[in-house]
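Summary of the model geometry
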Amino acid sequence: MSLAIKTTEQRALKLAIIKGAVDLMPLNLAVLPWGVLVGSLAIQQGFSVFEAQLMSALVYAGAAQLVAIELMSNNASILTLIATIFVISSRHFLYGLTLRNKLKLLPAKTRIATAFVLTDELFAYSGHKRAYMTKVRIYYGLSAGFSFYIAWNCWTFIGIVAGSFLPDLTQMGLDFAIAVTFIALVIPSIKSVSILIAVLSSAITALVLHLYSVELELIIAAFVGMSAGYLSKGLDNTSSNKDFDHKGSDDKCCENTGIDSKGSDCKDIAKEASL
Amino acid sequence: MTLLTILLLAVITFTTRYLFTHPTLPITLNANAQKFLSYSAPCVLTAIWVPIIFAKDHQLVVDAASPYIWGAAIAIVAAKYTKSIYFTAIAGGVVFVALRIFSSY
């Protein structure tokens, strides 16, 4: 009897691992150009192969890494470097805070591992109201997070090896790949008037701050958007409110985005996890 | 020196991700705070993608021939009606690439 339960659980965990990696696959592919760019830029700016790879392995941040490489190769002061990277990374405070009530309950090792891979991309897949609250969902999150980590490091490696043979990637419009995947994540999650108001407010603020080169543009825009959404929550009718709470009707899917890829797998995972 | 700097940067990025997940931190989030924070994902992601589409080198680009704007417009429609991340990326990407090739933008 207990053997049967164990096998079922193992099957559920295996499914969760597969689903985590499969769900993140479009984002893993979308960051290919950026990973290659980070690797090749580091080599071109005089980093050793080991240092270039280590940066992706430990710092593990897209924009922050690119800026850090530029600053370090221009011999910027360590204070400038720290302040700049801190500002670029500061939006992650928000992710930790948003997931705090769930992640603080996890065992230390699991929590540290999850936080280590808590990128924009993983956060976008962490919105389900039971995210990280069952063993299956923890496995799902870790698999999603580390598949992105592995992809990022592979793309960096390709950049390191092929860097000097590649054309100037910054002029090829590859940033559109990031934009289009984020559009694909955000648009289906707009399920209520208040989320729409939040998104529009954040969009306008981000654009204006960006044009004026305000350094904290991301976090300020996010706060303006979140405030606008929160203040307009009264506009949502009750049914969409219910839907909103992290956008997941219960067994719909393992993410907040409303993108119901293989929802049935998910239902199975959830069902088996409750055994 | 470079190695030490990389380690220092790693400490910064990890700290920003880990800090608020630490259990003994004296912060409790009530339902209102949770509600407020629940808007964070769409807001932050939007704050990242909108400037990519509408700006270049911190200058506003609103141009009827912009591959970024047409690509994003198609992607928004595709995302709304298909909810498929692959279909959205391919539809937006095809329009974007075609306009870049054929409009010599």
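Procedures and definitions
Residues numbered from 1 in each chain as written. Chains lettered and ligands numbered in written order. Predicted model: local features only at pLDDT ≥ 70, side-chain atom pairs only at ≥ 80, totals over all residues. Helix = DSSP H or I, 4+ residues; strand = E, 2+ residues; numbered from the N terminus. Buried ≥ 20, exposed ≤ 12 C-beta atoms within 10 Å, placed from the backbone. Contact = placed C-beta atoms within 7 Å. Nonpolar A, V, L, I, M, F, W, Y, C, P; charged D, E, K, R; others polar. Core = buried A, V, L, I, M, F, W, Y, C linked by C-beta atoms within 7 Å. Expected span 1.5 Å × (residues − 1). Axes fitted to C-alpha atoms, helices over the stretch in contact; angles between N-to-C directions. Parallel < 35°, antiparallel > 145°, perpendicular 65-115°, else oblique. Left-handed = near helix turned anticlockwise from the far one by under 90°. pLDDT = per-residue confidence, 0-100.

Attention now goes to the overall build of chain A. Of regular secondary structure, chain A possesses 15 helices and 0 strands. Residues classed as buried in chain A amount to 52% of the 275 residues present. A fraction of 74% describes how many contacts in chain A between residues 6 or more apart in sequence connect residues 24 or more apart.

Here we take up the interface of chain B and chain A. The interface of chain B with chain A comprises 59 residues on the first partner and 81 residues on the second. Elements represented by at least two residues in the side of chain B that touches chain A include exactly helix 1 (2-18), helix 2 (31-37), helix 3 (40-54), helix 4 (67-82) and helix 5 (85-102) of chain B. Top contributing element to the side of chain B that touches chain A by residue count: helix 3 of chain B, with 15 residues. Classifying every residue of the side of chain B that touches chain A by side-chain character gives 40 nonpolar, 14 polar and 5 charged.

Tracing the sequence through the fold places A:Leu37 in helix 2 (residues 32-44). Taking the C-alpha atoms as reference points, A:Leu37 and A:Ser77, separated by 40 residues in sequence, lie 24 Å from one another.

As a further point, take the nonpolar core. For soluble globular proteins, the rule of thumb is that nonpolar side chains tend to be buried together. By size, the foremost hydrophobic cluster in this structure holds 104 residues, and its most contacted members are A:Ala179, A:Ile183 and A:Ala222. For A:Ala179, the residues in contact, after removing those within four places along its chain, are B:Trp49, B:Ile52, B:Ile53 and B:Ala72.

Counted at 1.5 Å a residue, the expected span for helix 3 of chain B with its 15 residues is 21 Å, and the 21 Å between its end C-alpha atoms agrees. Counted residue by residue, helix 3 of chain B has 15 buried out of 15 residues, so it is predominantly covered.

Our focus in this paragraph is the packing of helix 8 (residues 108-116) of chain A against helix 10 (residues 135-162) of chain A. Residue and element names in this part refer to chain A. Where helix 8 contacts helix 10, the two axes come as close as 9 Å, and the packing angle between them is 40°. Put simply, helix 8 runs oblique to helix 10. Relative to helix 10, helix 8 is oriented so that their crossing is left-handed. Residues Thr-110, Ala-113 and Thr-114 of helix 8 form the contact with helix 10, whose participating residues are Ile-138, Gly-141, Leu-142 and Gly-145. Tallied by class, residues from the contact of helix 8 with helix 10 come to 3 nonpolar, 4 polar and no charged.

What follows is about the packing of helix 2 of chain A against helix 10 of chain A. All names here are of chain A. Running from amino to carboxyl end, helix 2 crosses helix 10 at an angle of 45°, the nearest separation of the two axes being 6 Å. Considering their axes alone, helix 2 and helix 10 lie oblique with respect to each other. Regarding helix 2 and helix 10, the two cross each other, and that crossing is right-handed. Packed against helix 2, whose contacting residues are Leu-32, Gly-35, Val-36, Leu-37, Val-38, Gly-39, Ser-40 and Ile-43, the element helix 10 presents Trp-152, Trp-155, Thr-156, Phe-157, Ile-158, Gly-159, Ile-160 and Ala-162 at the interface.

Here we take up unusual backbone geometry. For A:Asn75, which is not glycine, the phi torsion reads 55° and is therefore positive. Its place among the elements puts A:Asn75 in the loop between helix 4 (62-73) and helix 5 (78-89). Accessibility expressed as a C-beta count within 10 Å gives 6 for A:Asn75, which makes it exposed. Its identity is not glycine, yet B:His58 carries a phi of approximately 65°, on the positive side. Looking at the element boundaries, B:His58 is found in the loop between strand 1 (55-56) and strand 2 (59-60).

Residue and element names in this part refer to chain A. Mean pLDDT for chain A: 84, with 84% of residues reaching 70 or above. Scored below 50 in pLDDT, residues 240-266 makes 65 contacts in the model with residues more than four places away or belonging to other chains. This stretch, residues 268-275, has a pLDDT under 50; its non-local contacts, to residues over four places away or in other chains, come to 18 contacts.

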